[in-house]
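Results of the structural survey
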Amino acid sequence: MDPRSLRFCLLLFLTALLPLSTHCLEMSLARVVGKSALARQIPFADAWKPSSHSRFCCLIYATQNGWKLPILMEEMGEPYDWALIDFEKNEQKSPEFLKINPNGRIPALIDRETNVTVAESGVILEYLCEAVKSPLLPSKEDN
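To start, this report covers the structure provided alongside it. Because the structure is predicted, anything quoted here is derived from the model rather than measured. Going along each chain's sequence as written, the residues are numbered from 1 onward. Only residues with pLDDT of 70 or above have their local features reported here, since the model is predicted, and side-chain atom pairs are shown and tallied only from 80 upward, although totals for entire chains, interfaces and linings are computed over all residues. Calculation of side-chain values draws on the structure's entire complement of heavy atoms; hydrogens and water are dropped beforehand.

Attention shifts here to unusual backbone geometry. Cis rather than trans, the peptide bond between Ile106 and Pro107 has omega equal to 0°. By definition, any uninterrupted DSSP run of H or I lasting at least four residues is a helix, any uninterrupted run of E lasting at least two residues is a strand, and each is numbered from the N terminus. Its place among the elements puts Pro107 in the loop between helix H4 (95–100) and strand E4 (108–111). Of note in this structure, Asn115 is not a glycine but carries a positive phi near 60°. Within the fold, Asn115 resides in the loop between E4 and strand E5 (116–119). Only protein chains enter the area calculation, which uses a 1.4 Å probe; residues under 20% of their type maximum are buried, those over 50% are exposed, and those in between are partly exposed. Residue Asn115 is classed as exposed on the basis of its relative accessible area, which comes to 59%.

Here you go:
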């Protein structure tokens, strides 16, 4: 297996092992992701607004699937905005979120440069790798 493919598969595997406990402040996504120079937290209401920081906005929560996007962005060294979708307020079922992902599930991605929204974690990871031409995803010719 190509090392880039192996690295991408490892990313998917490792995120499946992350703890499910999301209610501890010490383990909150906001505290961990907020320490990265690449990450910038924004309110969900600002997710579509143009940003000089990043073309991408990750809509996430501290779950196994929610961690996949920040891990990939950090691995690729790409700046990104992220908005915490609050499950306790049921934001993932709000009309605003359902316009982005009709399934009402996280993660979701907004590409502000192309006005594209992407849902389902595997599809988002592939989209991001293709969008930034990351070597983590082998080219179609290599597959």
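There's more to say after this.
Now for the side chain of Asp111. Along the chain, Asp111 turns up in strand E4. The definition of a polar contact used here is a pair of N or O atoms within 3.5 Å, where within protein one atom must be able to donate a hydrogen and the other to accept one, and adjacent residues in sequence count solely through side-chain atom pairs. Reaching out from Asp111, the side chain makes a polar contact with the backbone nitrogen of Glu113 at a distance of 3.1 Å. Here, two residues are considered to be in contact whenever any of their heavy atoms come within 4.5 Å of each other. In this view, Asp111 contacts Arg55, Phe56, Val116 and Tyr127; residues no more than four positions away in its chain are not counted.

Before going further, it helps to examine the side chain of Arg112. Checked against the element boundaries, Arg112 lands in the loop between E4 and E5. The exposure class of Arg112 is buried, given its relative accessible area of 12%. A polar contact is formed between the side chain of Arg112 and the backbone oxygen of Ala47, at a distance of 3.0 Å. Setting aside anything within four residues of it in sequence, one finds Arg112 in contact with Ile42, Asp46, Ala47, Trp48, Lys49, Pro50, Ser51, Ser54, Arg55, Phe56, Cys57 and Asp81.

What is shown is where atoms sit, not what they do.
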